[in-house]
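Here's the letter readout for the chains.
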Amino acid sequence: AQKVTQAQTEISVVEKEDVTLDCVYETRDTTYYLFWYKQPPSGELVFLIRRNSFDEQNEISGRYSWNFQKSTSSFNFTITASQVVDSAVYFCALSYFRDDKIIFGKGTRLHILP
Amino acid sequence: DAGVTQSPTHLIKTRGQQVTLRCSPKSGHDTVSWYQQALGQGPQFIFQYYEEEERQRGNFPDRFSGHQFPNYSSELNVNALLLGDSALYLCASSPGTSGGKYNEQFFGPGTRLTVL
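Conventions and cut-offs
Residues numbered from 1 in each chain as written. Chains lettered and ligands numbered in written order. Predicted model: local features only at pLDDT ≥ 70, side-chain atom pairs only at ≥ 80, totals over all residues. Heavy atoms only, no water. 1 Å grid on protein atoms, 1.4 Å probe; cavity = no way out; pocket = protein on both sides within 12 Å on 5 of 7 lines; lining within 4 Å. Points joined across faces, edges and corners; volume = space filled by probe spheres on them. Helix = DSSP H or I, 4+ residues; strand = E, 2+ residues; numbered from the N terminus. Nonpolar A, V, L, I, M, F, W, Y, C, P; charged D, E, K, R; others polar. Buried < 20%, exposed > 50% of the residue type's maximum accessible area, 1.4 Å probe, protein only. Pairing = 2+ DSSP bridges. Core = buried A, V, L, I, M, F, W, Y, C linked by side-chain atoms within 4.5 Å. Contact = heavy atoms within 4.5 Å. Buried area = accessible area lost by both parts, 1.4 Å probe. Salt bridge = Lys/Arg side-chain N within 4 Å of Asp/Glu carboxyl O. Disulfide = S-S within 2.5 Å.

(A) Representation of the layout of surface pockets. Counted as a void, the largest pocket has a volume near 970 Å³. Lining of the largest pocket is provided by 40 residues; of these, A:Gly105, A:Lys106, B:Gln41, B:Gly42 and B:Pro43 occupy positions nearest its centre. Elements with a minimum of two residues in the lining of the largest pocket: strand 1 (3-5), strand 10 (88-96), strand 11 (103-104) and strand 12 (108-113) of chain A together with strand 4 (31-37) and strand 5 (44-50) of chain B. Residue composition of the lining of the largest pocket, by class: 16 nonpolar, 18 polar and six charged.

Structure, rendered in structure tokens:
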């Protein structure tokens, strides 16, 4: 079975706080990709990051960082010093080397309060 | 360079009607995928078109059909609309098979369909 679980439906934090969005995935394949997308109120999906299953190195991009742990099947996303513009729905997703179909989690709605 | 475009932006239909949504892929892309995103849910894969043929299909009934034209643009058709078909329909384009390299998908802004 292939599945992406984002247990946090909605999170609210005050601006400048750090926040971590959790993602747990299930797959029997050994070759796969993991993603994070941002969906602002406009609706368009904004690509944030892609990692492949062979690369467990954590990644940092400005205020964003990602922690990939195969041992726990998790791919968590942290925003440091959050800003109001970070308010959006964030999706974790999975796809396979063999095809392009993307399997999305249900998303976490993030509210950054001024 | 235009990204993925979709039309119309919004659409209102009544139960039982039929609807056609359109997608123009990013320049240089020949593969188009369609996703349905119900309110409060993540996008769900409907199907993918490549070389004018349906290459993959998700778990959607036959009421959902598609087409790809020689210029790589695509249509999604939904027949006998149900209330549950109300959703944001997203189109994504990607380059064709690339010998094992990942085919980055670029998403359009979506068409919001409301079925009354």
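Picking up after the structure, the text goes on.
(B) Highlighting the pairing of strand 2 (residues 10-14) of chain A. Residue and element names in this part refer to chain A. Side chains of strand 2 alternate between two faces, with Ile 11 and Val 13 buried and Glu 10, Ser 12 and Val 14 left unburied. In terms of strand pairing, strand 2 meets strand 12 through five bridges, oriented parallel. If you follow Val 13 over to strand 12, its bridge partner there is Ile 112.

(C) How the structure looks around the nonpolar core. Of all hydrophobic cores here, the largest spans 25 residues; its most connected members are A:Trp36, A:Phe75, A:Phe77 and A:Tyr90. Elements with a minimum of two residues in this core: strand 2, strand 3 (19-21), strand 5 (32-39), strand 8 (64-69), strand 9 (74-79), strand 10 and strand 12 of chain A. Tallying contributions element by element places strand 10 of chain A first for this core, with five residues. The residues touching A:Tyr90, leaving out its near neighbours within four places in the chain, are A:Gln6, A:Leu21, A:Trp36, A:Tyr37, A:Lys38, A:Leu48, A:Tyr64, A:Phe77, A:Ile79, A:Gly107, A:Thr108 and A:Leu110. Counting 20 residues, the second-largest nonpolar core is a separate cluster that includes B:Phe47, B:Tyr49, B:Phe64 and B:Val115.

(D) Broad picture of unusual backbone geometry. A cis amide bond, omega -10°, links B:Ser7 with the succeeding residue B:Pro8. Here B:Pro8 is to be found in the loop between strand 1 (5-7) and strand 2 (10-13). The residue A:Ser73 is not glycine, and still its phi comes out positive at about 50°. We classify A:Ser73 as partly exposed; its relative accessible area is 24%. Notably, B:Glu51 is not glycine yet its phi reads approximately 50°, a positive angle.

(E) Highlighting the interface of chain A and chain B. Counting residues at the interface gives 19 residues for chain A and 20 residues for chain B. Summing both partners gives a buried area of about 1,600 Å² for chain A against chain B, and 50% of it is carried by carbon and sulfur. It is A:Leu45, A:Asp100 and A:Lys101 in chain A that bury the most area against chain B; as a group they hold 33% of the surface buried on that side. For the interface between chain A and chain B, the tally reads one salt bridge. A:Arg50 is the salt-bridge partner of B:Glu104, the closest N and O atoms lying 2.6 Å from each other.

(F) Examining the state of the cysteines more closely. Per the stated rule, a full pass over the model turns up two disulfides over all chains. Each sulfur in the disulfide pair A:Cys23 and A:Cys92 lies 1.9 Å from the other. Linking A:Cys23 and A:Cys92, the disulfide has an S-S dihedral of approximately -65° and is accordingly described as left-handed. You can see A:Cys23 sitting in the loop between strand 3 and strand 4 (24-26) and its partner A:Cys92 sitting in strand 10, a full 69 residues away along the chain. The same class applies to A:Cys23 as to A:Cys92, namely buried. For B:Cys23, the disulfide goes to B:Cys91, at an S-S distance of 1.8 Å.

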